[in-house]
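Observations on chain architecture
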Amino acid sequence: MTNDVNFDDPKHTFVIAEAGSNWKYGAFEEDLSQAKRLIKTAAKAGCDAVKFQTFRSETVYAPNAGKSDYLSESGYSKDINEIFDNLAMPYEMIPELAQFCKQEKIIFMSTPFSIVDAKHIDDFVPIHKISSYEINHVRLLEYLAKTNKPLLISTGASTYKQIDFAVDLVKKITRAKIGLMQCTAKYPCELESLNLSVIPKMISKYGLPVGLSDHSMDPVLSPVLAIGYGATFIEKHFTLDRSLPGPDHSFALSPDELDLMVSSIRKADNAKGTGNKEILDAEKELWKFATRSIQATKNIKKGDILQEGYNIDVLRPGNRTRGLDAAMLDNVNGKKSTKDYESGDGITEFE
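Note that the structure is predicted; figures quoted are calculated from it, not measured.

Running from amino to carboxyl end, helix H6 (residues 138-146) crosses helix H7 (residues 160-173) at an angle of 40°, the nearest separation of the two axes being 9 Å. Classified by the interaxial angle, the pair formed by H6 and H7 is oblique. As for how H6 packs across H7, the hand of that crossing is right-handed. Across from Val138, Leu141, Glu142, Ala145 and Lys146 in H6, the residues of H7 making contact are Phe165, Ala166, Leu169, Val170 and Ile173. Split by residue class, the contact of H6 with H7 holds 8 nonpolar, no polar and 2 charged.

Shown next, in the form of structure tokens:
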């Protein structure tokens, strides 16, 4: 993998391994080591990018914002401000992780939640990502658009009106590539809430590449089905150990599941083919052997009249000489043979 970002290639789905807050392990050096292990795991699985998040509590939530029911269910019963303070990645970690990603040949990404966050990551990422809950963050959208880097916009818990706002705002500022991500903002997300059939509708409406930010726990069904609907990039949370403490571990893929997801995506890429309806190389032998053509059912002399049901018929030629396509039967029937044929030969000439 390189820093060449292409999230609109129908032959190669762009896979983003979302590390989220799963780098958090203890003290700074422990966190750094855990983050590097996550990067290695994503690179080994064949992902195109690994993504972290860059935020500060004071620029995300209002003071004393209280507790989230979702996080409380995940074992995090503290106030959201305290949780964000604990999970905020130190800015000084970013350049080291970006350099480590270069070493591992995987693209480094991090989602910023404020302009200050974006300024700290901009020098180290070739592509930006807007979180679902930031889709109306006017100043952040403006700043990221002004970087003139590709921008992925996640659309969880939003409507077309909100997506229109974000896309229109960004397009007024930059001609850089924009991608939209279908997303259901639920962690984990049940399969019946994925709403994957909206993907082709979004592609048609916006004329932009669309991907899936997948919060389900299924490593195969949702990504592969999304690709079938036209998605060209997939984002999925992963962890080194689902039992570790933290809000993003419990619904994330294990390393083995991440491997399975990527291999399944690559198989889906191959299965899509060219999109042209044609006789494929894999079909040619049996096409020649088994597709019906006009064959002689008796020995025929030059000058004989070719008659369906008497000396010619529509048959599968097998290994005999293949005749004219069966669709030409009415053109051949009743015409004169211009050469001799043995029974079983394909009829290729008439007048």
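Next comes the rest of the write-up.
It is worth spelling out the packing of aromatic side chains at this point. Counted under the stated rule, the structure contains 7 aromatic pairs. Here Phe55 and Phe84 contribute two aromatic rings whose centre-to-centre distance is 4.5 Å and whose plane-to-plane angle is 40°, an arrangement assigned as tilted. Pair noted here: Phe55 is in the loop between strand S2 (49-54) and helix H2 (69-73) and Phe84 is in helix H3 (residues 80-87), with a separation of 29 residues, a long-range link. No difference in accessibility class separates Phe55 from Phe84, as the two residues are buried. Seen in terms of ring centroids, Tyr61 and Phe84 are 5.3 Å apart; in terms of plane orientation they differ by 90°. Their pairing is edge-to-face. With Tyr61 in the loop between S2 and H2 and Phe84 in helix H3, the pair connects residues that are 23 residues apart, well separated along the chain. Overall, Tyr61 belongs to the partly exposed group, its relative accessible area being 37%.

The rolling of a water-molecule-sized probe over the atoms marks out the regions of remaining empty space. Taken as a whole, the largest pocket encloses approximately 650 Å³ of empty space. If you go around the largest pocket, you meet 31 residues; those closest to its centre are Gln53, Phe84, Phe113, Tyr133 and Tyr187. Breaking the lining of the largest pocket down by element, the ones donating at least two residues are S2, H2, H3 and strand S8 (233-237). The dominant element in the lining of the largest pocket, judged by the number of residues it contributes, is H3, at 4 residues. Residue composition of the lining of the largest pocket, grouped by class: 14 nonpolar, 11 polar and 6 charged.

To continue, consider the pairing of S8. With 5 of 5 residues buried, S8 is to be regarded as a mostly interior element. The alternating pattern of S8 places Phe233, Glu235 and His237 on one face and Ile234 and Lys236 on the opposite face, and all of these are buried. Sheet analysis places strand S1 (residues 14-20) next to S8, joined by 5 bridges and oriented parallel. Opposite Glu18, over in S8, you have His237 as the bridge partner. Where strand S7 (residues 210-214) lies against S8, 3 bridges are found, and the strand directions are parallel. Its bridge partner being in S8, Ser213 is matched across the sheet by Glu235. Read as a crossover between parallel neighbours, the route from S7 over helix H9 (residues 221-228) to S8 is right-handed.

Rules used in this analysis
- Residues numbered from 1 in each chain as written.
- Predicted model: local features only at pLDDT ≥ 70, side-chain atom pairs only at ≥ 80, totals over all residues.
- Heavy atoms only, no water.
- Axes fitted to C-alpha atoms, helices over the stretch in contact; angles between N-to-C directions.
- Helix = DSSP H or I, 4+ residues; strand = E, 2+ residues; numbered from the N terminus.
- Parallel < 35°, antiparallel > 145°, perpendicular 65-115°, else oblique.
- Left-handed = near helix turned anticlockwise from the far one by under 90°.
- Contact = heavy atoms within 4.5 Å.
- Nonpolar A, V, L, I, M, F, W, Y, C, P; charged D, E, K, R; others polar.
- Phe/Tyr/Trp six-rings, centres within 6.5 Å; stacked < 30°, edge-to-face > 60°.
- Buried < 20%, exposed > 50% of the residue type's maximum accessible area, 1.4 Å probe, protein only.
- 1 Å grid on protein atoms, 1.4 Å probe; cavity = no way out; pocket = protein on both sides within 12 Å on 5 of 7 lines; lining within 4 Å.
- Points joined across faces, edges and corners; volume = space filled by probe spheres on them.
- Pairing = 2+ DSSP bridges.
- Right-handed = clockwise from strand over helix to strand, strands pointing away.

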